[in-house]
Amino acid sequence: MKKVALHNLGCKVNAYEMEVMQQLLTKNGYEIVPFDKEADIYIVNTCSVTNIADRKSRQMLHKAKKQNRNAIVVATGCYAQTDTEGAGADESIDLIIGNNRKKDLIQILQDYERDHDKTLHHSTVLDIANEHEYEELKLDRTAEHTRAYIKIQDGCNQFCSYCIIPYARGRVRSREQANVIQEIEGLAALGYKEVVLTGIHLSSYGIDFADGKPQLLELIRAVQQISGIERIRLGSLEPRIITEEFAAELSALDKLCPHFHLSLQSGCDETLKRMNRHYDTGEYYQKVELLRKYFHNPALTTDVIVGFPGETEEEFGITRDFLNKVHFYEIHVFKYSRRKGTRADKMPDQIPESVKHERSSILIAQNALEARKYRESYLNQQVEVLIEEQQKIGDNTYQTGHTREYIRTACRAETDLTNQVITGIPKRLITDEILEL
């Protein structure tokens, strides 16, 4: 039995694909071992969203080869897809599997072990820009016991000036609704209570279908009908998908959690133009107000890039003011990372790393205050919690989980309530410590 060690970097889509690859390996007789143990095959599912992600990907590939010089080291994922020249010249890598070929993992491994010349790299990278079919992958179960991430879409047509992902993932390709429903029904039968619909550009789901109309809402309605599923969450959404009709329809679905990640990137209109984002802050704020009109105190989260080329102190200040105006629950702050092949890489007025670091620290501190305010707005209310695990802390046993708004909570109880949806629990904060109840 061949031993395989796996390591995943990057987004929830990558994590989903890694879990599918692990299931394929297990079903075909491979033994899965920890990544820090000696294995016959090491598979690193790489990320390329930033320079740091590239570097971490290379580090893990080099670590794998050091652990067993005779092992087959496989690079897959976005770094492997976009930097084929660099990966191909890396002596730590034996086999490169491109995006949209992960479903063929077993056959590729078997062909490589049978036919390869160990002095040469072997690559199965396709021209992803010309791939038009969704790569059908399916999870039988997931490592989490209560929540399952479901990939429904791949690729992106937006071409934001800072982003390498359209080159790594190709154009929009959507999964057939029937296949999504079948997968979720299987997971529901195993007891999973919550699903998170995710993709590279979730808002584009369905635009590549024959009628060319986005069908995300239709899919959400279909998931709502699945027996056993009690909660539906959505991955990152583009602001323009939030219309009056869309928000109203979502609010009518009782399984849809009031937790929305609405992509922003900058709170300054001039910066948004340079980023090639297709909205301004006025439009974005209208979308926020629509969500708050149809959902009571929803959890709104977002991404913000600091230090984008040309971002002045004034523009950064405008972003800070806009973030204060919106009052997000959480902000994921990223320092701009130059990506070769993107328009932003060639822009003038690149920002020094020290300035990026300073601006990032300011927004992170600002968000910490906002996040706590949001959590505290729910204190002493009766809420619904999906219990995810039982934790022993000191002399007390706690049942911990998340509310529909994705606030982590705890209640003291000796009975194991894992994977049960409990109502009527006062919401409590968990920060660095679990507060006494």
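Here the structure is shown first, and the text comes after it.
Residues numbered from 1 in each chain as written. Predicted model: local features only at pLDDT ≥ 70, side-chain atom pairs only at ≥ 80, totals over all residues. Heavy atoms only, no water.

Q: Explain unusual backbone geometry to me, please; I cannot follow it from the model alone.
A: Working note: non-glycine residues mostly have negative phi, and peptide bonds are mostly trans. One non-glycine residue, Asn 100, lies in positive phi territory at about 75 degrees. With respect to the helices, strands and loops of the structure, Asn 100 is situated in the loop between strand S5 (95–97) and helix H5 (105–115). Residues other than glycine seldom take positive phi values, yet Gln 265 does so here, at roughly 80 degrees. Position of Gln 265 relative to the elements: it lies in the loop between strand S11 (259–261) and helix H10 (269–275). (Helix = DSSP H or I, 4+ residues; strand = E, 2+ residues; numbered from the N terminus.)

Q: Mind showing me how you'd approach the pairing of strand S1 (residues 3–8) here?
A: Where a strand is regular, its side chains alternate between the two sheet faces. One ladder, built from 3 bridges, connects S1 with strand S2 (residues 31–33); its direction is parallel. Along S2, the bridge assignment pairs Ala 5 with Val 33. Handedness of the S1-helix H1 (residues 12–27)-S2 crossover: right-handed. Direction of pairing for S1 relative to strand S3 (residues 41–46): parallel, over a ladder of 5 bridges. (Pairing = 2+ DSSP bridges. Right-handed = clockwise from strand over helix to strand, strands pointing away.)

Q: Would you explain the sheet that holds strand S10 (residues 231–234) in this entry?
A: Each strand in a sheet pairs with its neighbour through backbone hydrogen bonds, running either in the same direction (parallel) or in the opposite one (antiparallel). Within the open sheet, the 4 strands sit side by side as S8-S7-S9-S10. Their pairing is mixed. Edge positions in the sheet fall to strand S8 (173–174) and S10, since each of these pairs with one other strand and no more. Pairing geometry for strand S7 (residues 147–154) and S8, over 2 bridges, is antiparallel. Within S8, the residue paired with Gln 153 across the bridge is Ser 174. Against the sheet, helix H7 (residues 177–189) contacts S7 and strand S9 (194–199), and its axis sits at roughly 170 degrees relative to S7. (Contact = heavy atoms within 4.5 Å. Axes fitted to C-alpha atoms, helices over the stretch in contact; angles between N-to-C directions.)

Q: Before we go on, may I ask you to explain the sheet that holds S11 in this structure?
A: With respect to topology, 3 strands assemble into an open sheet ordered S11-S12-S13, the strand pairing being parallel. Each edge of the open sheet is held by one strand with a lone partner, namely S11 and strand S13 (330–335). Put simply, the sheet's adjacent strands are angled 15 degrees from each other on average, direction ignored. Inspection of the sheet shows strand S12 (residues 299–306) paired to S13 by 6 bridges, in the parallel sense. Bridge assignment links Val 306 to a residue of S13, and that residue is Lys 335. The sheet contacts of helix H13 (residues 353–376) involve S12 and S13, and relative to S13 the element is tilted by about 170 degrees.

Q: Teacher, can you tell me more about the packing of H7 against helix H8 (residues 216–224) here?
A: Axis angle and axis distance: for two packed helices, these are the angle between their axes and the distance between the axes, and together they describe the pair. Look at H7 against H8: their axes get within 10 Å of each other, and the N-to-C directions meet at 30 degrees. Considered as vectors, H7 and H8 are oriented roughly parallel to each other. For the element pair H7 and H8, the recorded crossing hand is right-handed. The residues of H8 that touch H7, namely those facing Gln 177, Val 180, Ile 181 and Ile 184, are Glu 218, Leu 219, Ala 222 and Val 223. Split into classes, the residues belonging to the contact of H7 with H8 amount to 6 nonpolar, 1 polar and 1 charged. (Parallel < 35°, antiparallel > 145°, perpendicular 65-115°, else oblique. Left-handed = near helix turned anticlockwise from the far one by under 90°. Nonpolar A, V, L, I, M, F, W, Y, C, P; charged D, E, K, R; others polar.)

Q: Looking at this structure, how should I read the pattern of salt bridges?
A: Side chains that differ in charge, positive against negative, can pair when their charged atoms come close. All chains considered together, the criterion is met by 35 salt bridges. Put simply, Asp 94 and Lys 65 hold a salt bridge, and the shortest N to O gap is 2.7 Å. Of this pair, Asp 94 sits in the loop between helix H4 (84–89) and S5 while Lys 65 sits in helix H2 (residues 51–67); the two residues are 29 residues apart in sequence, bridging distant segments of the chain. Each of Glu 144, Arg 147, Glu 194, Arg 231, Arg 233, Glu 384, Glu 388 and Arg 404 takes part in salt bridges that share partners, so that together they form one network. (Salt bridge = Lys/Arg side-chain N within 4 Å of Asp/Glu carboxyl O.)

Treat this as a map of the structure, not an account of what it does.
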